[in-house]
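Letter by letter, the chains look like this.
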Amino acid sequence: MENKQLKPITNGLLWIFAIGQFGWSLLSGVVSNWMVYYYTGSPDAQNPNTGIFAGFITQEPILFKLTLFGMVLAAGRIFDAITDPLIAGWSDRSNYKGGRRIPFMRVMAIPFSLCTIALFVLPQTGNQGLNDFALFVLLMVFYLFMTMFCTPYNALIAELGDTQQHRINVSTYISFTFIVGQSISFLLPNVAGALQGSFGQAGSIRMAVAIMATIACLAMLFPAFYIKERDYIESKPSQTRPFTSLIKTFSNGQFRRFVYSDVIYFFALTLFQTGLPFYETKLMQVPDTMTFTLTATMTAISVCLYPVVNILAKKIGKKALIITGFFAYSVVFAITSFCGVGIHWGFIVAVTAAIPMAILGILPQACVADVAEVTRLETGEDRSGMFFAARTFAFKMGQAIALVTFTSITVAKTQASYRTTAVVAFVTCFIGAVLFFAYNEKKLLSRINELKGKE
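Residues numbered from 1 in each chain as written. Predicted model: local features only at pLDDT ≥ 70, side-chain atom pairs only at ≥ 80, totals over all residues. Heavy atoms only, no water.

A. Looking closely at the packing of aromatic side chains. Summed over all chains, the structure comprises 40 aromatic pairs. A centroid spacing of 6.0 Å and a plane angle of 65° characterise the contact between Tyr96 and Phe104, whose relative ring orientation is edge-to-face. Under the relative-accessibility criterion, Phe104 is labelled buried at 5%. Among the aromatic side chains, those forming a connected cluster through ring pairs are Trp34, Tyr37, Tyr38, Tyr39, Phe53, Phe56, Phe69, Phe186, Phe278, Phe406 and Tyr418. (Phe/Tyr/Trp six-rings, centres within 6.5 Å; stacked < 30°, edge-to-face > 60°. Buried < 20%, exposed > 50% of the residue type's maximum accessible area, 1.4 Å probe, protein only.)

Next comes the structure, spelled out in structure tokens:
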């Protein structure tokens, strides 16, 4: 196996790989963007589907202002974070015939998709306690399946990114497919509206979720069966146990500096993304069917900026651009906190958010890949899976706190409560930008060049 001539990695292969990102981001978008919207909130004349499933689960605060729904969502993210290093260690140490990563993707695509559908179907019996329990179990399973697909998938970013050029390129491609997947998820109310005549108000939402989950499943299966991992990657199983590997990963100073700001960024971003349907429907007072139009505008502008980000990252480095992205997102959150009524506010937010979305959608993955590459060159052991898992372990803890924070702040369902979440996002994102100044990209890249020169 060691003497086998590996096939060259091409941009075409990286694009095929990126299709898988579209699939899982579509499923993630459906759950993260619409579960809170349909399971909490209150309907109005313009948006009658808001909170359509709210009556099925417990809504009242159970501890201070903490809601059961918010705690269940947070528990799902914490469980997800804990399983990340376990799955990463399993993947890093595996020696399957199809490779260390692809076999996981092949097995998990279908159950991951089915569980997404179940989240909008099963917790809707006549017994509220049973529904609460079903929602909790389904979220745990959903996040487990997502981890079992995404952790091995993310490890391939570093392994297919065999050069600095390929690392930036693959990060650009998966950022594009990620943002497209997230954008398509915002079409859920539009698809449901088109189906309502045939399936009814609640049934149309479930059917729309099923359609999107089917598309996502096919997108995840395509690279999983097209890419023959061992044709392109010399997969050597790691000998380090999962939590030993996790400790080694966090002992890396540069990685820790990256993670500090990353956790805070994802806390702020999760607050904003969870609140986006509410900002648009409750603050700007536009129909939820306009969410896709606004997201599509943001996506289109962001995608147009991808080539610029790609070129600038190679010329001036990733660090300066990432800091710019942090501060730009802070501006977006600030605008949202004082926005008024009207669709024009939605377009102002969409256009402003396109810049940081392009930057922070591409470059952080490349930073993790750089750190993983230095470790591989220094130790001879490839623990790419654990580096990406450690990053997701950290930022998912930030997401968990954000979900509890959002549902607790907005328990009153007032405009002031929704604005408060945007203010909190602004403050924390600004702090994340300041922290990222400590990350030393030049030192990392210099070390990579030095070690590669010795190979």
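That covers the picture; the talk isn't over yet.
B. Summary view of the environment of Leu114. Mapped onto the secondary structure, Leu114 falls in helix α3 (residues 102–119). On the basis of relative accessibility, which here comes to 54%, the residue Leu114 falls in the exposed class. In this structure, the C-alpha to C-alpha distance between Leu114 and Ala213, residues 99 residues apart in sequence, is 7.3 Å. (Helix = DSSP H or I, 4+ residues; strand = E, 2+ residues; numbered from the N terminus.)

C. Representation of unusual backbone geometry within the structure. Notably, Gln285 is not glycine yet its phi reads approximately 60°, a positive angle. Its location among the elements puts Gln285 in the loop between α9 (253–283) and α10 (291–316). Judged by relative accessible area, which is 40%, Gln285 ranks as partly exposed. The residue Lys413 is not glycine, and still its phi comes out positive at about 60°. Following the sequence through the fold, Lys413 ends up in the loop between α13 (384–409) and α14 (415–435). Judged by its relative accessible area of 38%, Lys413 falls in the partly exposed class.

Read these as spatial facts, not as claims about activity.
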